[in-house]
Amino acid sequence: QVQLVESGGGLVQAGGSLRISCVASGRTFSNYAMAWFRQAPGKEREFVAVISGSGGSTNYADSVKGRFTISRDSAKNTVYLQMNSLKPEDTAVYYCAAVIARWSIKWITTDLNQYDYWGQGTQVTVSS
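The shown structure was predicted, so the numbers you read here are calculated from the model rather than taken from an experiment. (Residues numbered from 1 in each chain as written. Predicted model: local features only at pLDDT ≥ 70, side-chain atom pairs only at ≥ 80, totals over all residues. Heavy atoms only, no water.)

**Concerning the sheet that holds strand β1 (residues 3–7)**
Here four strands make up an open sheet; going across it, the order is β1-β3-β8-β7 and the pairing antiparallel. For this open sheet the edge positions go to β1 and β7 (68–73), each flanked by a neighbour on one side alone. The average angle at which neighbouring strand axes cross in this sheet is 15 degrees, direction not considered. For strand β3 (residues 18–25) and strand β8 (residues 78–83), the ladder comprises six bridges, and the chain directions are antiparallel. Residue pairing across strands places S21 opposite Y80, the latter belonging to β8. (Pairing = 2+ DSSP bridges. Helix = DSSP H or I, 4+ residues; strand = E, 2+ residues; numbered from the N terminus. Axes fitted to C-alpha atoms, helices over the stretch in contact; angles between N-to-C directions.)

**Let's talk about the environment of N113**
Within the fold, N113 resides in the loop between β9 (92–100) and β10 (117–118). Take N113: its relative accessible area is 66%, and that puts it in the exposed class. Each C-alpha atom, one on N113 and one on E44, is 13 Å from the other, the two residues being 69 residues apart in sequence. (Buried < 20%, exposed > 50% of the residue type's maximum accessible area, 1.4 Å probe, protein only.)

Geometric descriptors of this kind do not, in isolation, establish any biological role.
Below, the structure written as structure tokens:
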């Protein structure tokens, strides 16, 4: 079992920055690919960013590419999402998710249905 706890959400003006964090506990952190998804009111949950267990592979949604950066600190069992140049359309509840790596610790997936563990979410609100 893996427990995920997000933090760091809040209210920020458009153009600003925010870093959200997700602390994982329960299993060997490096065995898991970690991702961020988000869900805006009335919309489906969507992929934002993913990082492999090794940290060597990442992928981003086109809508955040060049603005958001995902990273992980194995010593702290934590994954981060640095969000810059925020836009009102980035407003959503952001969820951290984990899935055990398949084939190698470089493996990643953007398919939310493959993720086994989810955090409770943290609200990010970007005002115009």
